Amino acid sequence: MNRLGLALQRVQNTFNRNADYYARKIGLTGTQMLIIEYLASFAQNKSIYQKDIEHEFNIRKSTATNVLRLMENKGLIYKKVDQRDTRLKAILLTDKAIKLEGKITNYFISSENSYAAILGADTKKELIENLQKLNKAISEN
């Protein structure tokens, strides 16, 4: 079958399976790795809140709540009340997560390099742009 949705689902399942396989080696899930990398990359420049994670990973509030609760219970993140708006809690990495961040970043860099080697850098860039365009267009429906 040459359906785009099915092809995307298969690739996403493979990505997730590969990430989960590596994540288990360091005591995490693939989603936890992604969130740690996101927080490590962006929390230094600005406060990151649950709504930012919901938006970045296109997940529902309940899913984000569950993932973040598990990460907090595992000692990977903690929440700090925002000084300007006490209703908001910034999400920060613990020392435990910071120690894992180098391994996580290396995994994702290696994966991205592998994808570029398979597709070619220009095709990879074009694919990302087209997928972002498609996501934006179908999210508006």
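Owing to the predicted nature of the structure, the values given are computational and were not obtained by experimental measurement.

Calculation criteria
- Residues numbered from 1 in each chain as written.
- Predicted model: local features only at pLDDT ≥ 70, side-chain atom pairs only at ≥ 80, totals over all residues.
- Heavy atoms only, no water.
- Helix = DSSP H or I, 4+ residues; strand = E, 2+ residues; numbered from the N terminus.
- Expected span 1.5 Å × (residues − 1).
- Bend = angle between axes of the 7 residues up to and from the residue.
- Buried < 20%, exposed > 50% of the residue type's maximum accessible area, 1.4 Å probe, protein only.
- Contact = heavy atoms within 4.5 Å.
- Phe/Tyr/Trp six-rings, centres within 6.5 Å; stacked < 30°, edge-to-face > 60°.
- Patch = residues over 30% accessible without salt bridge, like charges linked within 9 Å, V, L, I, M, F, W, Y side chains within 5 Å.
- Areas by Shrake-Rupley, 256 points an atom, 1.4 Å probe, with all protein chains shown as cover.
- Salt bridge = Lys/Arg side-chain N within 4 Å of Asp/Glu carboxyl O.
- pLDDT = per-residue confidence, 0-100.

Trainee: Looking at this model, I keep getting lost on helix H5 (residues 95-119). Mind explaining?
Mentor: An α-helical turn contains 3.6 residues, so any two residues separated by three or four positions project in the same direction. Relative to the 36 Å expected for 25 residues at 1.5 Å per residue, H5 spans 36 Å between its end C-alpha atoms, a close match to the ideal helical length. When the local axis directions of H5 are compared, the greatest deviation, roughly 35°, occurs at Glu101. All of the buried residues along H5 are Ala97, Leu100, Ile104, Thr105, Tyr107, Phe108 and Ser111. Buried residues along H5 sit against helix H1 (4-25), helix H2 (30-42) and strand E2 (89-93). Gly120, located one to two residues past H5, shows a positive phi value of around 95°.

Trainee: Even after reading the chapter, I still don't get the packing of aromatic side chains, so can you show me in this structure?
Mentor: Aromatic rings in a pair are described by how distant their centres are and how their planes are angled relative to each other. The tally for this structure, following the rule as stated, stands at 5 aromatic pairs. Both rings, one in Tyr107 and one in Phe108, keep their centres 5.2 Å apart while their planes meet at 70°; by these two values the pair is edge-to-face. You can call Tyr107 buried: its relative accessible area is 16%. A relative accessible area of 14% places Phe108 in the buried class. Taken together, the ring pairs in this structure connect Tyr22, Tyr107 and Phe108 into an aromatic cluster.

Trainee: Hey, could you run me through a nonpolar patch on the surface in this one?
Mentor: Together, Leu4, Leu8, Ile118, Leu119, Leu127 and Leu131 make up a nonpolar patch on the protein surface, roughly 520 Å² of accessible area in all. Those elements that place two or more of their residues in the nonpolar patch are H1, H5 and helix H6 (121-139).

Trainee: What is the right way to read the confidence of the model for the chain from this model?
Mentor: Do not read the predicted coordinates in detail wherever pLDDT is low. Mean pLDDT over the chain works out to 93, with 99% of the residues at or above the 70 mark. Confidence, read as mean pLDDT per element, is least for H6 in the chain (92) and greatest for helix H4 (residues 61-73) (96).

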